[in-house]
Amino acid sequence: MNNIYLGSHINLSAPDYYLGTVRDALQMNENCFMFYTGAPQNTIRKPTNQLKIDEGRKLLLESGINESKIVIHAPYIINLANTTNVKTRELAISFLKEELKRANDFHVKTLVLHPGSHVGVGLEIGIKAIIDGLNEVLNHDTSEVRIALETMAGKGSEVGANFADLKKIIDGVNKKDRVGVCLDTCHINDAGYDVSDIDNVLNQFDQIIGLDKLLVIHINDSINNKGAHKDRHANIGVGLIGFNTLCQYVHHPRLMDIPKILETPWINEKPPYKEEIEMLRSKKFNPDWAYKL
Ligand code: FE
Ligand code: FE
Ligand code: ZN
């Protein structure tokens, strides 16, 4: 097989932590994956020396998974753009400083971050707050971990629903080599991009931001129409984006080497990723796959 890196979001949980995460990835035939360093919805984190990192990495290296394709996602509640609640923004900054250190402890090089929501004060102020926050976070950090700002659906007051806003943020960051972008197919659809015209999407991305800044791709179908500003993920091939379009993102020659991560909903309390990855790799949609779960 060629260098298509395809995996999913996987939990990091007791008792095996990172060892369990790597084991789950291998069981689902993934050659890259994404995890949260604890619960996605809160900022409580265990010290990394309790997370079985060495055991997980040992299994990783034996398995042949390329460690540079593994991704961490920061929790949803981190909001660098919130200028109305000082505590929220301070928590975002202090958490991210620690999260970069944790990522470095995992030997992970990429941290996906939702840019934030300006909570009503306006896009320009939100963007400035994100830039200032990122500069504060990165200023004294000596690791090589890169922050990948995720393209957002534009729900509520979310910043980052178009490529130009993300470019503005990157332009304001002092350490530009430490920031990039994570493109989410569901989010850009919901934000109003025509996902099905992949070459147009990639050309726009390249002209505005530069394809060299594209660090991660989230492969998700969407429950909603283009421009709905909703952010509800659908399983592969059963949403309004559809299987053929998602397949194009997985196999596009300009996107080789970029880790591609599924964040589709579980079915019958089971992760659907093994089946979804198999379909995407083989470019064959099997309408019965969900019944196997
Ligand atoms: Fe995300
Ligand atoms: Fe995503
Ligand atoms: Zn989403």
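In every chain, residue numbers begin from 1 and rise along the written sequence. Working convention: letters from A go to chains and numbers from 1 go to ligands, in the order in which they are written. Given that the model is predicted, a residue must reach a pLDDT of at least 70 before its local features are reported, and side-chain atom pairs must reach 80 or more before they are shown or counted; all residues, however, enter totals for whole chains, interfaces and linings. The side-chain quantities take in all heavy atoms of the structure and omit both hydrogens and water.

## What to know about the overall build of the protein
- Looking only at helices and strands, the protein features nine helices and 10 strands.
- Radius of gyration (C-alpha) of the protein: 18 Å, near the 19 Å computed for a compact globule of 293 residues.
- Based on the C-alpha atoms only, the size of the protein along its principal axes is roughly 50 × 45 × 35 Å.
- The cut-offs for exposure are 20% and 50% of the maximum accessible area for each residue type, with area from a 1.4 Å probe on protein chains only; residues under the lower value are buried, those over the upper are exposed, and the others partly exposed. Per-residue burial for the protein yields a buried fraction of 57% across its 293 residues.
- As displayed, the protein offers around 12,500 Å² of accessible surface, 48% of which is attributable to carbon and sulfur atoms.
- Within the protein, one finds 33 positive and 37 negative side-chain charges whose respective centroids are separated by 2 Å. Helix numbering and strand numbering both begin at the N terminus, where a helix is a DSSP run of H or I of at least 4 residues and a strand a DSSP run of E of at least 2. Our radius of gyration looks at C-alpha atoms and nothing else; its globule reference is 2.2 Å times the residue count to the power 0.38. Note that accessible areas follow from Shrake-Rupley with a 1.4 Å probe, and for residues the cover is restricted to the protein chains shown. Lys and Arg are tallied as positive, Asp and Glu as negative. Neither His nor the chain termini are counted. Lys charges are placed at NZ, Arg charges at CZ, Asp charges at CG and Glu charges at CD.

## Some thoughts on helix α7 (residues 198-208)
- Those residues of α7 that sit buried are Ile-198, Val-201, Leu-202 and Phe-205. Buried residues of α7, seen end-on, are gathered within an arc of 95° and therefore sit on one face of the element.
- Residue contacts are defined here by distance: any two heavy atoms, one from each residue, within 4.5 Å place the two residues in contact. Tucked into the core, α7 has its buried residues touching α5 (163-172), β6 (179-184), α6 (185-191), β7 (214-219) and α8 (243-251).
- Of the residues flanking the end of α7, it is Gly-210, one or two places downstream, whose phi is positive at about 105°. Starting at the helix axis, one direction is taken to each C-beta atom, and the arc is that of these directions.

## With respect to the coordination of the zinc ion (ligand 3)
- Coordination sphere of the zinc ion (ligand 3), protein contribution only: His-187 (NE2), Asp-231 (OD) and His-233 (NE2), at 2.0 to 2.3 Å.
- Each metal's donors comprise the N, O and S atoms found within 2.8 Å of it (within 3.2 Å for Na, K or Ca). Water is not part of the atom list, so some coordination spheres may appear incomplete. Between the zinc ion (ligand 3) and the iron ion (ligand 1) the interatomic distance amounts to 5.3 Å. Placement of the pair is His-187 in helix α6 and His-233 in strand β9 (residues 233-234), with a sequence separation of 46 residues. The same class applies to His-187 and to His-233, which are both buried.

## Brief notes about a nonpolar patch on the surface
- On the surface, Tyr-76, Ile-77 and Leu-91 cluster together into a nonpolar patch covering about 280 Å² of accessible area.
- Structurally, Tyr-76 is set in the loop between β3 (71-73) and α3 (86-105).
- Exposure remark for Tyr-76: the relative accessible area of 48% places this residue in the partly exposed category. By definition, no residue in a patch forms a salt bridge, and every one has over 30% relative accessible area; like charges are joined within 9 Å, nonpolar side chains (Val, Leu, Ile, Met, Phe, Trp, Tyr) within 5 Å. Any carboxyl oxygen of Asp or Glu within 4 Å of a side-chain nitrogen of Lys or Arg constitutes a salt bridge here.

## Side note on the sheet that holds β6
- Sheet architecture is closed into a barrel: eight strands sit in the order β1-β2-β3-β4-β5-β6-β7-β10, paired in parallel fashion. Neighbour to neighbour, the strand axes of the sheet diverge by 30° on average, direction disregarded.
- For strand β2 (residues 33-35) and β3, the ladder comprises two bridges, and the chain directions are parallel. Bridging across to β3, Phe-35 finds its partner in Ile-72.
- Only the contacting stretch of a helix is used when fitting its axis, a line to C-alpha atoms as for every element, and angles between N-to-C directions run 0 to 180 degrees. Each of β1 (6-9), β6, β7 and β10 (260-262) is contacted by α8, which is oriented at about 150° to β7, the strand it contacts most. Note on pairing: two strands pair once DSSP finds at least 2 bridges between them.

## Remarks on the nonpolar core
- Each nonpolar core is a collection of buried residues, namely Ala, Val, Leu, Ile, Met, Phe, Trp, Tyr and Cys, held together in the definition by side-chain atoms within 4.5 Å. Formed by 81 residues in total, the largest nonpolar core has its most connected members in Tyr-18, Leu-134, Ile-147 and Leu-280.
- Apart from residues no more than four positions distant in its own chain, Leu-134 is found in contact with Leu-80, Leu-113, Ile-147, Leu-149, Ile-169, Val-173 and Val-179.
- Cys-32, Val-112, Ala-148 and Cys-182 belong to the second largest nonpolar core, which has 10 residues in total.

## Overview of the coordination of the iron ion (ligand 2)
- Note on the iron ion (ligand 2): its protein donors are Glu-150 (OE), Asp-184 (OD), His-218 (ND1) and Glu-263 (OE). The metal-donor distances range over 2.1 to 2.2 Å.
- For the iron ion (ligand 2), the four donor atoms in the first shell make angles of 81 to 171° at the metal, a pattern classed as irregular.
- Between the iron ion (ligand 2) and the iron ion (ligand 1) the interatomic distance amounts to 3.3 Å, and Glu-150 serves as a bridging ligand to the pair. Here Glu-263 lies in the loop between β10 and α9 (273-282) and Asp-184 lies in strand β6, a separation of 79 residues in the sequence. Of the two residues examined, Asp-184 and Glu-263, each falls in the buried class. Any coordination sphere not matching a tetrahedral pattern (four donors, all angles between 85 and 135 degrees) or a square planar or octahedral pattern (four or six donors, opposite donors over 155 degrees apart, other angles between 65 and 115) is reported as irregular.

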